[in-house]
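Summary of the model geometry
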Amino acid sequence: MITKLVQVKGAETRQETKNREAALQEAARILQSGGLVAFPTETVYGLGANGLDEEAAKKIYAAKGRPSDNPLIVHISALEELEPLVSEISDAGRQLAKKFWPGPLTLVFPKSSRVPYGTTGGLKTVAVRMPAEDLARRLIALAKVPVAAPSANRSGRPSPTTALHVWQDMNGKIEMILDGGPVGIGVESTIVDVSGDVPVLLRPGAITLEMLEQAVGHVEVDPAIFKAPGENIRPKAPGMKYRHYAPKAEMTLVEGDLEKVPKAIAQLTEERMAEGLVVGIICTEETKHFYSKGIVRCMGSRSREETIAHNLFAVLREFDDLEVDCIYSESLPCEQLGYAIMNRLQKAAGYRKISV
Ligand code: TXA
Ligand code: MG
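Here goes a summary of the coordinates provided.

Scoring rules and cut-offs
- Residues numbered from 1 in each chain as written.
- Chains lettered and ligands numbered in written order.
- Predicted model: local features only at pLDDT ≥ 70, side-chain atom pairs only at ≥ 80, totals over all residues.
- Heavy atoms only, no water.
- Pairing = 2+ DSSP bridges.
- Helix = DSSP H or I, 4+ residues; strand = E, 2+ residues; numbered from the N terminus.
- Axes fitted to C-alpha atoms, helices over the stretch in contact; angles between N-to-C directions.
- Contact = heavy atoms within 4.5 Å.
- Core = buried A, V, L, I, M, F, W, Y, C linked by side-chain atoms within 4.5 Å.
- Buried < 20%, exposed > 50% of the residue type's maximum accessible area, 1.4 Å probe, protein only.
- Near = heavy atom within 4 Å.
- Polar contact = N/O pair within 3.5 Å; in protein donor to acceptor, adjacent residues only side chain to side chain.
- Areas by Shrake-Rupley, 256 points an atom, 1.4 Å probe, with all protein chains shown as cover.

So, on to the sheet that holds strand β12 (residues 250-255). Across the sheet, five strands lie side by side as β14-β13-β15-β12-β16; this open sheet has parallel pairing. Each of the sheet's edge strands pairs with one partner strand only, and the pair in question is β14 (295-298) and β16 (353-355). If you compare each strand with its neighbour and ignore which way they point, the axes differ by 20° on average. Alignment of strand β13 (residues 279-283) against strand β15 (residues 326-330), held across four bridges, turns out to be parallel. In the sheet register, Gly280 faces β15, and the bridge partner there is Ile327. In the packing of helix α9 (residues 305-322) onto the sheet, the strands contacted are β12, β13, β14 and β15, and the crossing angle to β14 comes to about 160°. Along the sheet, helix α10 (residues 336-348) contacts β12 and β15; its crossing angle with β12, the most-contacted strand, is approximately 135°.

This is the structure we're talking about:
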């Protein structure tokens, strides 16, 4: 298969606008006829297919190399599109949708009979999200079908935040990639299960726990978010059980006092380098001057965590390309957006950490 890569950002001149519209029309036709299109959202790039077409969903799993028990998020372009997909909307679900859609929030509802089990990985619930990115909503509206879309990476790779990342993982496997430039947020949407009595946070994201609780009161947190999957931990979001976002190198998180962490990482780096290993360091603006050895990459600024979320997956991918042997990463406080960032870092590290 030849994958078509089309630029859809900017659109300043009349010709550019025309080209963008033509590309969106073509992408919508591909979705309608059961094909796969990668498209930008405000969180990460998604790999879209018709969410009501089980055969199309199968193609997503094949292209990603993803286990088919891992359900897909169904994307909609307007609130009216929610009702046909679900059998019930709880008060909390309605309030959260009203407050945060369109935006980086996915809500899990009991599914209606219209949604095939092939899309929900056999579950009786369906995850729904209305993205804030205009291009994504335009595409869904043009396709006139709900669009099932996981992140557009090969399974186990960090989520793609640029069209180039998608190209690296999906070239030759899908019909089309819409290039809308780098995404804004950089970590995947917050997932909240609103199918029960109390909302449950299944995956932290840019809509923080604090924001959710302000909107609907108490929100439970799935204990699987910060624990390695195992016998007693069965995450409610099936995808959370896989070692996601995993760089090829062995990664270790270093936690503790900010005075001590850079020193410890610098010391570990020297030791590993003495063993002949290539070492990557993930740090922040505030700490980068501490490191004189190893391959140092800065995620962003501790005082603006959104810059860290934005760069995180690109840094992990870069270390894959550089073929480092091991990575040491600094940690952040597990609050607000830091909660989502630490969740991704812990998964990337396979929960390996050192406290200093
Ligand atoms: O930001 C995002 O959410 C991106 C963009 C493309 O929208 N999508 C994304 O999809 O991250 P994916 O497939 O990489 O992650 C979806 C997560 C998985 O962990 C999956 O197990 C969970 O959502 N999920 C989907 N349906 C579910 C359901 N019915 N119940 C519980 N978890 C569900
Ligand atoms: Mg994913």
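In terms of nonpolar packing, the biggest core is built from 28 residues, with Leu96, Trp101, Leu105, Leu107, Phe109 and Leu212 touching the most fellow members. Among the elements of the structure, α3 (91-100), β5 (105-110), β6 (125-129) and α7 (209-216) are those that each provide at least two residues to this core. Broken down by element, the residue count for this core peaks at four residues, all from α3. What Trp101 contacts, discounting residues up to four positions off in sequence, is Ile76, Leu79, Leu82, Leu96, Leu107, Phe109, Val128, Arg129 and Met130. If you look at the next biggest cluster of nonpolar residues, it comprises 25 residues, including Met251, Ala309, Leu345 and Ala348.

Attention shifts here to the site of ligand 1. Taken together, 28 residues surround ligand 1, and among them Thr43, Asn70, His75, Ser189 and Gly239 come closest. In this structure, an oxygen atom belonging to ligand 1 sits 2.9 Å away from a side-chain N or O atom of Arg203. Burial of ligand 1 by the protein amounts to 99% of the accessible area it has alone, namely 680 Å². If you tally residues by element for the shell around ligand 1, the top one is β6, at four residues.

With an omega of -5°, the peptide bond between Trp101 and Pro102 qualifies as cis. Looking at the secondary structure, you find Pro102 in the loop between α3 and β5. Residue Glu323 is not a glycine yet carries a positive backbone phi of 55°. Positioned with a positive phi, Tyr351 is a non-glycine residue whose angle comes to about 65°. Its place among the elements puts Tyr351 in the loop between α10 and β16.

In this structure, Leu332 sits in the loop between β15 and α10. Through-space distance from the C-alpha of Leu332 to that of Met342 is 6.6 Å; in sequence the pair is 10 residues apart.

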